[in-house]
Amino acid sequence: LLTRVLPLTLLAALLPAASAVAGRGDKQKLDLLYVRGSRYLALSTLAIAGYVVSVGPQLLQVWMGQSYPYVRTVLTVLAVSYFISNLTGVGTTIVRAVGEPRYETYYAILGVVINLLATIALAPRFGLVGVVVGTSLGIGVSSIYFLWLFHKWSGLRWWPAMGAWLWRVLAATTAASTALWLVCDWVLRPSMFASRSLGVLLLSLLALGYLLFLIGLLELTRFWNN
């Protein structure tokens, strides 16, 4: 939820701005708002997701006093689906701003239907993992459908609007989170997270190192712009 909800708080300021731009009929600026907003919403989502997935077992050890089976698997599946879902955040804000909420309704209904059917089919056989996969299928498929609808409605081409920057943030975050995962599992011992105070300190230092490394990788992939 932290991966999904915290980045979406950025959208609160975007709705009135998008409404004002749409009211002036400035499509070029509205398209620019979509591209820029999506870039930084994707970055904030992936930055949090990459950290949470990498330190998942250690984080639960510090927080709950023990870890659980399938922690990293569950976190990875949910984080990927939440990331895809957050890619729709700016688009859904824009269709609300211009008075076209039906596009958001279409994908919301589709997501609920897929989620229910997939969970009912998978949960009895696979348990918790089946529930997670069912939820992720509902979120992922419906979100991709909305993105297709939005780009068709707005006339924005996929590569200039999304692909040109998406691969950069994906590559940088994947590399940074993989490095952090290797440090957590191969360098640090599980006993180091048995103490809550020491565990919090270690998690904070890992977060700082991860963030600095990620910023450097984003510079290397030329994600940043003026």
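Residues numbered from 1 in each chain as written. Predicted model: local features only at pLDDT ≥ 70, side-chain atom pairs only at ≥ 80, totals over all residues. Heavy atoms only, no water.

Engineer: Describe the overall build of the protein, listing the residues and the values that go with them.
Structural biologist: The helix and strand tally for the protein stands at 10 helices and 0 strands. The order of α-helices and β-strands along the protein, N terminus first, is α-α-α-α-α-α-α-α-α-α. Taken against the 2.2 N^0.38 rule, which gives 17 Å for 226 residues, the C-alpha radius of gyration of the protein at 19 Å falls within 12% of a compact globule. Projected onto its principal axes, the C-alpha coordinates of the protein cover approximately 60 × 50 × 25 Å. Long-range pairs, those at least 24 residues apart, make up 74% of the contacts in the protein with a sequence separation of at least 6. Charged side chains of the protein number 16 positive and 6 negative; the gap between the two group centres comes to 5 Å. (Helix = DSSP H or I, 4+ residues; strand = E, 2+ residues; numbered from the N terminus. Rg over C-alpha atoms; globule rule 2.2 N^0.38 Å. Contact = heavy atoms within 4.5 Å. Lys, Arg positive; Asp, Glu negative; His and termini not counted. Charge placed at Lys NZ, Arg CZ, Asp CG, Glu CD.)

Engineer: So what's going on with the side chain of Thr221? Residues and values would help.
Structural biologist: The residue Thr221 is located in the segment after helix H10 (196–220) in this model. Polar contacts involving the side chain of Thr221 include one to the main-chain carbonyl oxygen of Leu218, which spans 3.2 Å. When neighbours within four sequence positions are excluded, Thr221 is seen to be in contact with Arg168 and Ala172. (Polar contact = N/O pair within 3.5 Å; in protein donor to acceptor, adjacent residues only side chain to side chain.)

Engineer: Give me the pattern of salt bridges: which residues, what numbers.
Structural biologist: Under the definition given, this model contains 4 salt bridges. Close ionic contact of Asp31 with Lys27 constitutes a salt bridge, the shortest N to O distance being 2.8 Å. Taken together, the residues span about one helical turn, with Asp31 and Lys27 both in helix H3 (residues 27–54) at a distance of 4 residues. Lys27 sits in the partly exposed class, given a relative accessible area of 44%. Among the salt bridges present, the one from Arg96 reaches Glu104, with a minimum N-O distance of 2.7 Å. The exposure class of Arg96 is partly exposed, given its relative accessible area of 47%. Overall, the relative accessible area of 18% leaves Glu104 in the buried class. (Salt bridge = Lys/Arg side-chain N within 4 Å of Asp/Glu carboxyl O. Buried < 20%, exposed > 50% of the residue type's maximum accessible area, 1.4 Å probe, protein only.)

Engineer: Tell me about the packing of helix H7 (residues 102–126) against helix H8 (residues 128–154), residues and numbers included.
Structural biologist: As a packed pair, H7 and H8 sit with axes 7 Å apart at the nearest point and diverge in direction by 160°. On the basis of their axis angle, the class for H7 and H8 is roughly antiparallel. Seen along the crossing, H7 lies across H8 with a hand that is right-handed. Among the residues forming the contact of H7 with H8, the class breakdown is 19 nonpolar, 9 polar and 1 charged. (Axes fitted to C-alpha atoms, helices over the stretch in contact; angles between N-to-C directions. Parallel < 35°, antiparallel > 145°, perpendicular 65-115°, else oblique. Left-handed = near helix turned anticlockwise from the far one by under 90°. Nonpolar A, V, L, I, M, F, W, Y, C, P; charged D, E, K, R; others polar.)

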